[in-house]
Amino acid sequence: MQHLLNYIIWNPSTEAFHIASISVRWYSLCWLIGLILAYLIVQRLYKEQKVKDEYFDPLFIYCFIGILLGARLGHCLFYQPEYFLSSWKHVIEMFIPIHYMPDGSWKFVGYEGLASHGGTLGLIFALYLYYYRTKMNLWQVLDDIAIATPITACFIRLGNLMNSEIIGKVTDVPWAFIFERVDKVPRHPGQLYEAIAYAVFFVIGWYLYRKRPEKVGTGFFFGLCLTLIFTFRFFIEYTKDIQVDFESGMLLNMGQILSLPFIAIGVHCMLRKR
């Protein structure tokens, strides 16, 4: 193995800046940037498609709540059910960003754990509620959101990188990162792999939209987004370290198992009769 100095030493501060006594973390900032970019992209799509302004206004609220709630519940139920379902206090921790201490007190910790598969499910459910309220073409709503989604996913993974979480397996590739807050060995920067891939998927989706805007409303872009993201997610898992102990020895880890239904749905949406 090469000398450790040949690798990228990674140990940035988790805090981007302070406002008075409030610290703003990189992870939160990346989430915010990703959501704002998606907001602006979908706003432009709605204007180009002559969608009424009053239909766009509530969309961001539906998406934000759906993604956040779905991602949180996805992490708790998919990866740590033995903890969060073990008592009512832990159930409360699923929804409120606090942690109960052994002495009965509690402290604010933020949402320590968000799962992308749960966020996707939460987003789809929120968009259905939005469609039910506005009576818009559901496939148009899904396609428009899907065009913007990869850029948000890109910034979320950059937030994971700044947090030194979702790390890769030990490797000797020259671009390996040494996550000093985790250990002193070189690992695949899986978060960076995903961020780059999702940025590329956004460019692909945007290019195809510009070439064939009439396909919005058919479900094609929704299917394309699911297929690209979760197919890549399935294979990139082979470079990642396990996130929870129960994944040890599994043929496919939890991320791969959860990706398979989304891939199937994506392919179906792209190929289904219009």
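Residues numbered from 1 in each chain as written. Predicted model: local features only at pLDDT ≥ 70, side-chain atom pairs only at ≥ 80, totals over all residues. Heavy atoms only, no water.

(A) The arrangement of the overall build of the chain in detail. Within the chain one finds 10 helices and 7 strands. For a compact globule of 274 residues, the expected C-alpha radius of gyration is about 19 Å, and the chain comes in at 20 Å, within 12% of that figure. Viewed in the frame of its principal axes, the chain has a C-alpha envelope of about 55 × 50 × 40 Å. By residue count, 48% of the 274 residues in the chain fall in the buried class. Considering only intrachain contacts with a sequence separation of at least 6, the fraction spanning at least 24 residues in the chain is 65%. Counting every atom, the chain has about 14500 Å² of accessible surface; 67% of that belongs to carbon and sulfur. If you average the places of the 24 positive and of the 21 negative side-chain charges in the chain, the two averages end up 9 Å apart. (Helix = DSSP H or I, 4+ residues; strand = E, 2+ residues; numbered from the N terminus. Rg over C-alpha atoms; globule rule 2.2 N^0.38 Å. Buried < 20%, exposed > 50% of the residue type's maximum accessible area, 1.4 Å probe, protein only. Contact = heavy atoms within 4.5 Å. Areas by Shrake-Rupley, 256 points an atom, 1.4 Å probe, with all protein chains shown as cover. Lys, Arg positive; Asp, Glu negative; His and termini not counted. Charge placed at Lys NZ, Arg CZ, Asp CG, Glu CD.)

(B) Quick peek at the pattern of salt bridges. Counted according to the given criterion, the structure contains 10 salt bridges. With a shortest N-O distance of 2.3 Å, E214 and R212 are connected by a salt bridge. With its nearest N and O atoms 3.0 Å apart, the salt bridge here joins K240 to E237. For the pair K240 and E237, one class covers both residues: buried. (Salt bridge = Lys/Arg side-chain N within 4 Å of Asp/Glu carboxyl O.)

(C) Layout of the side chain of T218. In this fold, T218 is placed in the loop between α8 (190-211) and α9 (220-236). Side-chain polar atoms of T218 contact the backbone oxygen of K215, separated by 2.6 Å. (Polar contact = N/O pair within 3.5 Å; in protein donor to acceptor, adjacent residues only side chain to side chain.)

(D) Summary view of the domain arrangement of the chain. We note that the domain assignment places domain 1 (1-48 + 138-273) and domain 2 (52-135) within the chain. The distance between the C-alpha centroids of domain 1 and domain 2 comes to 18 Å. Taken together, the 26 residues of domain 1 in the interface contact 20 residues of domain 2. Between domain 1 and domain 2, roughly 2200 Å² of surface is buried when both sides are summed, and carbon and sulfur atoms account for 82% of that area. Across the domain 1-domain 2 interface, the total number found is 0 salt bridges. Viewed at the interface, domain 2 and domain 1 are joined by 1 residue pair in polar contact (both at pLDDT 80 or more). Those elements giving two or more residues to the side of domain 1 that touches domain 2 turn out to be α1 (26-48), α7 (138-162), α9 and α10 (254-271). For the side of domain 1 that touches domain 2, the element with the most residues is α1, which contributes 7 residues. A per-class count over the side of domain 1 that touches domain 2 returns 18 nonpolar, 5 polar and 3 charged. (Domains from an automatic or database assignment. Buried area = accessible area lost by both parts, 1.4 Å probe. Nonpolar A, V, L, I, M, F, W, Y, C, P; charged D, E, K, R; others polar.)

(E) Molecular detail of the UniProt feature "transmembrane region" (unreviewed entry) in the chain. Under the feature "transmembrane region" (unreviewed entry), the UniProt entry names residues 26-46, 58-80, 114-131, 138-158, 192-209, 216-236 and 248-271. In the segment residues 58-80, helix accounts for 91% and strand for 0%; the C-alpha atoms at its two ends are 32 Å apart. Annotated as residues 216-236, this span is 81% helix and 0% strand, and its ends, taken at the C-alpha atoms, are 29 Å apart. (UniProt positions renumbered as here; feature names shortened; annotations may be inferred.)

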